[in-house]
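# Structure assessment
Now for the letters of each chain:
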Amino acid sequence: MDSIIDVKKIVERKKEKIKSNVQKLNKVGIYPKLAVILANDDEASKIYVGKKRSMCEELGIQEVEYILDETTTTKKVLEIIDRLNNDTSVDGILVQLPLFKHLDEPKILEAISCKKDVDGFHPTNLGKLIINHEEEIIPCTPKGIMWILDSLGVNIEGLNAVVVGRSVIVGKPIAQLLLKKNATVTMCHSKTKDLKSYTSKADILVVATGVPNLITKDMVKKDAIVIDVGINRIEKKIVGDVDTKEVSKKVKYITPVPGGVGITTVAALMDNLVNIASKRKEKR
Ligand code: NDP
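Throughout what follows, the structure given in this document is the object of discussion. These numbers were taken from a predicted model, which means no experiment stands behind them.

This part is about the overall build of the protein. For the protein, the helix and strand inventory stands at ten helices and ten strands. Against the compact-globule benchmark of 19 Å for 284 residues, the protein has a radius of gyration of 19 Å, which places it among compact chains. When the backbone C-alpha atoms are referred to their principal axes, the protein occupies close to 55 × 40 × 35 Å. Within the protein, the fraction of its 284 residues that count as buried is 47%. The contacts in the protein between residues at least 6 apart in sequence include a share of 71% that link residues at least 24 apart. Summed over all atoms, the accessible surface of the protein reaches about 14,300 Å², with 52% contributed by carbon and sulfur. Charged side chains of the protein number 46 positive and 38 negative; the gap between the two group centres comes to 3 Å.

Below, the structure is given as C-alpha cells:
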C-alpha cells in the first residue's frame, strides 16, 4: 500500500550517518561508549539489550554491560552508576527497565548524570526539552517519530497535531517536539470524552496508548499522517494501536507495525550517544 511509510529505509540512512560520525570521532581519538545496566530477569529486556549490543557493534560504538542478579541492591546499582558518571571514557548510561521490583527505580534513574542520560528521561533533560535548551537530549521514541515526519518533507507549521497518550516517554515529549515545529497540538488520553471528535481533525495523528486497534478508519481525517507507536502482542502477532489495514486506505501516510516507530528507537539512542560523545571534542 502506497501510504505505508518505508521506515526501514529511513533508519538505514540514519545509521549510515551515525556510523560516519563515529568514524570522524575515532579519527580524533574519541571512541563513543555506552554502558548498559540490566537488573531484571525479563526475557524481553534481554532481547532489547541484545538489540542495543548488536547495533553498537554495527556502528562501531563501544559497549559495556552490567548484568546484575536478584541479590543486587539499590546501593550496589547506585555505586555502579556513580563510577560510570565519573568515568570519562563512558558517554552514555542506560538502565534497562523494568528493574527487579525491590530496586528503587526513581532513585536509580535520577542518579544517572543528566549529561550521560542517553534515554533523555532525566528530569533535567525533560525540562530542557520544554525550554528548547540547546543541550537537550531527546527521548528516543519521540526522536524517531520526528525522523519519520522529517523524511516525509511535510511542513508541520500550522498543522493540527493530535497526540493520543500522555506518557513521559512518548506522549508528552512528542507533543513538545511537534509544538516546537509550530503545529497546533492537542493531547488526548483515557479520560478524553469523544476521542473521535479530536482524531478526525488531525493532520498528524500520533497514537501511543497500548490499546490494540483503538483508532479505526472512521476516526481519521482523509489524507492525514498517522504515526502508530503501539506495540501490542496478540496471539503471537504484533499489532499497533491503529487498524492499519483499513486506515491505510484513507490516509496519506501511516507507519506500519511491526517495522515502524519501533525500529527507529535503538538508532535514535545511538544518535543521542554519539551526540554526547561529540561534546568531548568541544571540551578539548
Ligand atoms: P503508557 O501505558 O505509559 O501510556 C498510555 C497512554 O495512553 C496513557 O496516557 C493513557 O491515558 C492513554 N490511553 C490508554 N487507553 C486509552 C484510550 N482508550 N483512549 C485514549 N487514551 C488512552 O504507554 P506508553 O506511552 O509507554 O506506550 C504506549 C504504546 O507504545 C505501547 O503499546 C508501547 O508498547 C508502545 N511503545 C513503543 C515504543 C517503541 O516503538 N519503541 C516505545 C514506547 C512505547 P491515561 O494517562 O489517562 O492513563
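Here we come to the site of the ligand. Looking at the ligand, there are 21 residues lining it, with R166, S167, S190, I231 and T265 nearest. The contact in question runs from an oxygen atom of the ligand to an N or O atom on the backbone of G262, over 3.5 Å. Relative to its unbound accessible surface of 910 Å², the ligand loses 69% to contact with the protein. In terms of residues, the shell around the ligand owes the most to one element, helix α10 (residues 261-283), which gives three residues. Here the shell around the ligand is built from residues that sort into nine nonpolar, eleven polar and one charged.

On a regular strand, each side chain points to the face opposite its neighbour's, so the side chains alternate between the two faces of the sheet. Here strand β7 (residues 225-228) shows two buried faces, one formed by I225 and I227 and the other by V226 and D228. Relative to β7, strand β6 (residues 204-207) runs parallel, the two sharing four bridges. Bridging from a neighbouring strand, V206 pairs with I227 of β7. In this sheet, strand β10 (residues 253-254) lies alongside β7 in parallel orientation, the contact comprising two bridges.

Time to look at the sheet that holds strand β3 (residues 92-96). Spatial ordering of the open sheet is given by β2-β1-β3, a layout of three strands whose pairing is parallel. Pairing within the sheet leaves two strands with one partner each, and these edge strands are β2 (62-67) and β3. Across the sheet, the mean angle separating the axes of adjacent strands is 20° when strand polarity is ignored. In the sheet, strand β1 (residues 33-38) pairs with β3 via five bridges, with the strands oriented parallel. Opposite I37, over in β3, you have V95 as the bridge partner. The sheet contacts of helix α3 (residues 74-85) involve β1, β2 and β3, and relative to β1 the element is tilted by about 175°.

Moving on, we come to the nonpolar core. Of all hydrophobic cores here, the largest spans 53 residues; its most connected members are L34, I145, L149, L178, V206, I227 and M270. In this structure, this core is formed jointly by two domains, domain 1 (28-114) and domain 2 (140-262), each of which donates at least three residues.

Our focus in this paragraph is the side chain of N232. Looking at the element boundaries, N232 is found in strand β8 (residues 232-234). Ignoring any residue separated from it by four or fewer positions in sequence, one finds N232 in contact with G210, V211, P212, K237, I238, V239, G240 and D241.

What follows is about helix α6 (residues 140-151). Here α6 contains twelve residues, and its C-alpha end-to-end distance of 17 Å stays within 8% of the 16 Å for a straight helix at 1.5 Å per residue. Among the twelve residues of α6, ten are classified as buried, and the element is accordingly described as predominantly covered. Looking at α6, one finds that the buried residues are C140, T141, P142, K143, G144, I145, M146, W147, I148 and L149. Within two residues after α6, G153 carries a phi angle of roughly 70°, on the positive side.

The grouping of D41, D42, D69 and E70 at the surface amounts to a negative patch. Position of D41 among the secondary structure elements: in the loop between β1 and α2 (43-59). With a relative accessible area of 48%, D41 lands in the partly exposed category.

Calculation rules
Residues numbered from 1 in each chain as written. Predicted model: local features only at pLDDT ≥ 70, side-chain atom pairs only at ≥ 80, totals over all residues. Heavy atoms only, no water. Helix = DSSP H or I, 4+ residues; strand = E, 2+ residues; numbered from the N terminus. Rg over C-alpha atoms; globule rule 2.2 N^0.38 Å. Buried < 20%, exposed > 50% of the residue type's maximum accessible area, 1.4 Å probe, protein only. Contact = heavy atoms within 4.5 Å. Areas by Shrake-Rupley, 256 points an atom, 1.4 Å probe, with all protein chains shown as cover. Lys, Arg positive; Asp, Glu negative; His and termini not counted. Charge placed at Lys NZ, Arg CZ, Asp CG, Glu CD. Near = heavy atom within 4 Å. Polar contact = N/O pair within 3.5 Å; in protein donor to acceptor, adjacent residues only side chain to side chain. Nonpolar A, V, L, I, M, F, W, Y, C, P; charged D, E, K, R; others polar. Pairing = 2+ DSSP bridges. Axes fitted to C-alpha atoms, helices over the stretch in contact; angles between N-to-C directions. Core = buried A, V, L, I, M, F, W, Y, C linked by side-chain atoms within 4.5 Å. Domains from an automatic or database assignment. Expected span 1.5 Å × (residues − 1). Patch = residues over 30% accessible without salt bridge, like charges linked within 9 Å, V, L, I, M, F, W, Y side chains within 5 Å. Salt bridge = Lys/Arg side-chain N within 4 Å of Asp/Glu carboxyl O.

Geometry only, nothing functional implied.
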